[in-house]
Amino acid sequence: MHGSVIASTVTLQDILGVGRWLNGRYYLAYEGFLTAMVFFMAIVFLITFVCRFAEKRFLGHLRPRETPPPGATQVAV
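Rules used throughout
- Residues numbered from 1 in each chain as written.
- Predicted model: local features only at pLDDT ≥ 70, side-chain atom pairs only at ≥ 80, totals over all residues.
- Heavy atoms only, no water.
- Helix = DSSP H or I, 4+ residues; strand = E, 2+ residues; numbered from the N terminus.
- Buried < 20%, exposed > 50% of the residue type's maximum accessible area, 1.4 Å probe, protein only.
- Patch = residues over 30% accessible without salt bridge, like charges linked within 9 Å, V, L, I, M, F, W, Y side chains within 5 Å.
- Areas by Shrake-Rupley, 256 points an atom, 1.4 Å probe, with all protein chains shown as cover.
- Salt bridge = Lys/Arg side-chain N within 4 Å of Asp/Glu carboxyl O.
- Expected span 1.5 Å × (residues − 1).

What to know about the overall build of the protein chain
Here's step 1: Summing up its helical and strand segments, the protein chain has 2 helices and 0 strands in all.
Here's step 2: In the protein chain, buried positions account for 6% of the 77 residues.

Overview of a nonpolar patch on the surface
Here's step 1: A cluster of nonpolar residues, Tyr30, Leu34, Met37, Val38, Met41 and Phe45, forms a patch on the protein surface that exposes about 680 Å² of accessible area.
Here's step 2: Turning to its location among the elements, Met37 is positioned in helix α2 (residues 29-58).
Here's step 3: Residue class for Met37 comes out partly exposed when judged on its relative accessible area of 41%.

A short note on α2
Here's step 1: Between its first and last C-alpha atoms α2 spans 44 Å; for 30 residues at 1.5 Å apiece the expected length is 44 Å, and the two agree.
Here's step 2: Regarding α2, the residues found buried are Gly32, Ala36 and Val44.

Some details on the environment of Leu12
Here's step 1: By the element assignment, Leu12 lies in helix α1 (residues 5-26).
Here's step 2: Residues Leu12 and Met37, 25 residues apart in the sequence, show an inter-C-alpha distance of 9.3 Å.

Shown next, in the form of structure tokens:
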């Protein structure tokens, strides 16, 4: 989401456009924009959760290996 300027801009403009429409049509200034904020935050948190899950799943081989504590015996396999 943060890496793609086009995706974040289009999404933000669409959501805020609905808030502006509600403001112009029904004079609901705060309700439209607060709802837009909640929807945008939900989209951002969902995309962040999916990306974190994908990073853990597909990039696990890049994490550093755990080293045994000092004085622990290692079993050869």
